[in-house]
Amino acid sequence: GDLFLRGFTAVARYAAKDTVRPVVHSVLVELGERDTVFVATDGVRLGTMTLPIAFVLADGKQATLLLDRDTVATLAAVWATADKPPVAAPDGSTKLIALARRLATLRYDKGEWHFAFGDVALQGQVVQGEYPAWRSLVPKNPTASVRVLSEELRQAIRPIGRFGGVVRLGWSGNRLTIGAQADEQEFETQLPVEQEGVDGQAAYSFNYLQDYLAEVSGLVVLQWAELTRPMAITAPRYPSYYLMPVF
């Protein structure tokens, strides 16, 4: 249960906030017999996370379900506040300890989901509709990549918030140039990075880039296949993030 909710909550923030687009206001879950994939997008950015959660599937076929992001928030809140079941201490004494992790059951059948753990049971309707072909947005065969510490990149882009919200990135010679321009004012700084592949430059939403960097720590890898396609940002233990450029 902890792992499943972790996947949900890790990507739900990247789903569309408006409810007029119910499909992308949801989290897509691709249930597998070995791994489960969690996906959320608002049409400009995409977050994905794959976790080792196995499901028993009818006829071995992959199953998918869409859960509204507000439903995800409710599940997470109930999970966080519900009492953890006590178990006997390892030494056999009558002392009780709380489990760090809890098991949960998820069933999906005929458009309804059922989530249960302990004495708590929740159920609801899945969102109906066809989810965007999200795998087509994932860069294949990257032509350029940059490795940089997320803390350094987050600090470098912070002043750009007052420049209209567009971050301009340029990579060349193991240097990442970060800049912005608005109302005849300019800002530019550089970071030393580990670069592979071709040089290039592109612009992205400051808010969307900052939103991801605020949640991660340590080394991040930026990758590009085509400059007109999404930039990929990956970091160990965190969702993979894909952000469309600003033209």
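The shown structure was predicted, so the numbers you read here are calculated from the model rather than taken from an experiment. (Residues numbered from 1 in each chain as written. Predicted model: local features only at pLDDT ≥ 70, side-chain atom pairs only at ≥ 80, totals over all residues. Heavy atoms only, no water.)

Overview of the overall build of the chain
(1) Moving on: For the chain, the helix and strand inventory stands at four helices and 18 strands.
(2) Moving on: Structurally, the chain occupies a C-alpha span of about 65 × 45 × 35 Å along its principal axes.
(3) Moving on: Relative to its full complement of 247 residues, the chain shows a buried share of 43%.
(4) Moving on: A separation of at least 24 residues holds for 59% of the contacts in the chain among residues at least 6 apart in sequence.
(5) Moving on: Averaged over its 24 positive side-chain charges, the chain has a centre that lies 3 Å from the centre of its 27 negative ones. (Helix = DSSP H or I, 4+ residues; strand = E, 2+ residues; numbered from the N terminus. Buried < 20%, exposed > 50% of the residue type's maximum accessible area, 1.4 Å probe, protein only. Contact = heavy atoms within 4.5 Å. Lys, Arg positive; Asp, Glu negative; His and termini not counted. Charge placed at Lys NZ, Arg CZ, Asp CG, Glu CD.)

Things to note about helix α4 (residues 206-213)
(1) Moving on: The complete set of buried residues in α4 reads Phe 206, Leu 209, Tyr 212 and Leu 213. Down the axis of α4, the smallest arc covering the buried residues is 140 degrees, so these residues share one side.
(2) Moving on: Its side-chain oxygen at 3.4 Å from the backbone nitrogen of Asn 207, Ser 205 defines the N-terminal cap of α4. (Arc of directions from axis to C-beta. Polar contact = N/O pair within 3.5 Å; in protein donor to acceptor, adjacent residues only side chain to side chain.)

Details of the environment of Gly 1
(1) Moving on: Here Gly 1 is to be found in the segment before α1 (2-12).
(2) Moving on: What makes Gly 1 partly exposed here is its relative accessible area of 26%.
(3) Moving on: Taking the C-alpha atoms as reference, Gly 1 lies 7.6 Å from Thr 105; in sequence the two are 104 residues apart.

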